Amino acid sequence: MNNRRAWLSAVMTLMLCGGCSYQLVIERLLTIETIGYDKVDAKLGLDATNNLNVTVSGPHISEDGEDRREVISTIASTSKEAKLYLSRRSDRIIVSGQLRSILYSEDIAREGIYKISDSMLRDPQIGNRVKLIMVEGSSSKDFLSSQFKHDAKIDSFLHTMLEKEHQFNTIPMTTLHEFTRDYYDDGSDPIMPIIKKTKDFFMVSGIALFQDDRYMTRINPPETRVFLSMMDRYRHGDISFNWKEPESSKQERLVLSFIANKRKIEVREQQEEPIQVTVAISLKGYVLEYYGGHDLSKKEEQVAVEAQLEEQFEKRAAAIIKQMQTHRVDNLGIGRYVRNSIGLRRWKQMNWREEFPNVKVTVKATVQIVGTGSRNFKPLPSKT
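Heads up: these notes are all about the structure in this document. (Residues numbered from 1 in each chain as written. Predicted model: local features only at pLDDT ≥ 70, side-chain atom pairs only at ≥ 80, totals over all residues. Heavy atoms only, no water.)

Brief notes about the environment of E355
Then step 1. With respect to the helices and strands, E355 occurs in helix 12 (residues 352-355).
Then step 2. Residue E355 is classed as partly exposed on the basis of its relative accessible area of 24%.
Then step 3. On a C-alpha basis, the gap between E355 and G335 in space is 9.9 Å, while along the polypeptide they are 20 residues apart. (Helix = DSSP H or I, 4+ residues; strand = E, 2+ residues; numbered from the N terminus. Buried < 20%, exposed > 50% of the residue type's maximum accessible area, 1.4 Å probe, protein only.)

Okay, here's the thing in structure tokens:
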């Protein structure tokens, strides 16, 4: 019995010692917070089709406690092969458990990002809430290697800025999970925020619309909130309207902060006719800013302004629908409602990618002004 206890004690000691032999000391780690993917420059003479330029960025904490950033890049045929090469270029142990953002250059996004995203999904160290972002105009490597006036810690600043813009509904917050879900859904296509580098800062510059895993077209900032208000995930935000009065041709400008947004999609079928879809949007909000000739303290004039807002919203929404149909992308998920309406058997017989451009989509907007702020807006006095 004593021999058995001694043997078990020896085994436990060895196991404990073995567990202590591999320690992740923070000063010896390069914790990846952002990773970027680019096409390989053809001037390098490498196979651009089967190779990627991979750049990683993360904090570099020295033994004296100084916090710096380290940016390293390499060329590899796969994401996981790149990690092996990157490890040989750093004196730190590279870990990806704190990865927050994945950047794709525009060129990579146009060719398709499924293989990269699938590799990330298979990595148990990477969470499915990692954010996906497309970089406009420059490479991800150039973006991550730049010094911006915003903040020396670009990784944390990028994460915080995107969280803030998503909170105010100017961009979607597309995670690895959400992109993959929409990729595999045959009734919807993924979206992704776009960022752009300028001389000494960067900014959000729109929403990328994908067909499966390939970038096809974009929604520019003036229309992003119109687009997002047509998605049932977004409930509030500010929308700017500009129009000319029919009688006077005077320019009117109004900013509406909507506090309630409801979307309802109805599908109708008639024999020998294209599928008809009605997207009903109901917005309720208050006026933040108004320049025009209406006295919003009067109910009848407020109703007239609401009618103009409804007309302007429908025109802008119709232009977005037409843009999606032209590029054969369904980023609003209209196909999901068609699938539920016609049944799975008929849906499987239909090629939604080919059918969607022929669908008659009508947007019906209802706008209700529930407040004009701390004062009623009256027409500005004319200058004499």
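Past the structure itself, the notes keep going.
Side note on helix 7 (residues 176-184)
Then step 1. By the burial criterion, the buried members of helix 7 are L176, E178, F179, T180 and D182.
Then step 2. For helix 7, the secondary structure elements touched by its buried residues are helix 4 (114-122), strand 7 (131-136), strand 8 (191-197), strand 9 (202-211) and helix 10 (334-342). (Contact = heavy atoms within 4.5 Å.)

With respect to the pattern of salt bridges
When the charged atoms of two side chains with opposite charge come close together, those side chains can pair.
Then step 1. Throughout the structure, instances matching the rule amount to 20 salt bridges.
Then step 2. In this structure, E111 and K39 form a salt bridge, with 2.8 Å as the shortest nitrogen-oxygen distance. Within this pair, whereas E111 is found in helix 3 (residues 106-111), its partner K39 is found in strand 2 (residues 34-39), the two being separated by 72 residues in sequence.
Then step 3. Looking at K39, the relative accessible area reads 34%, which means it is partly exposed.
Then step 4. Between R328 and E354 there is a salt bridge, with the nearest N and O atoms lying 3.0 Å from each other. Taken together, the positions of R328 in the loop between helix 9 (299-326) and helix 10 and E354 in helix 12 put the pair 26 residues apart, joining distant regions of the chain.
Then step 5. Connected through salt bridges with shared partners, the residues R181, D182, D185, D186, R336 and R339 form a single ionic network. (Salt bridge = Lys/Arg side-chain N within 4 Å of Asp/Glu carboxyl O.)

Section: helix 10
Then step 1. Listed in full, the buried residues belonging to helix 10 are I334, G335, V338, R339 and I342. Projection of helix 10 onto a plane perpendicular to its axis shows the buried side chains occupying an angular sector of 135°, all on one side.
Then step 2. In this structure, the buried side of helix 10 is in contact with strand 12 (251-268), strand 13 (276-291), helix 9, helix 11 (344-349), helix 12 and strand 14 (360-371).
Then step 3. One or two residues past the end of helix 10 sits G343, with phi positive at roughly 95°. (Arc of directions from axis to C-beta.)

Brief notes about unusual backbone geometry
Then step 1. Within the chain, D212 stands out as a residue other than glycine whose phi angle is a positive 60°.
Then step 2. Within the element layout of this structure, D212 appears in the loop between strand 9 and strand 10 (214-219).
Then step 3. Classification of D212 by relative accessible area gives partly exposed; the value is 30%.
Then step 4. One non-glycine residue, R328, lies in positive phi territory at about 55°.

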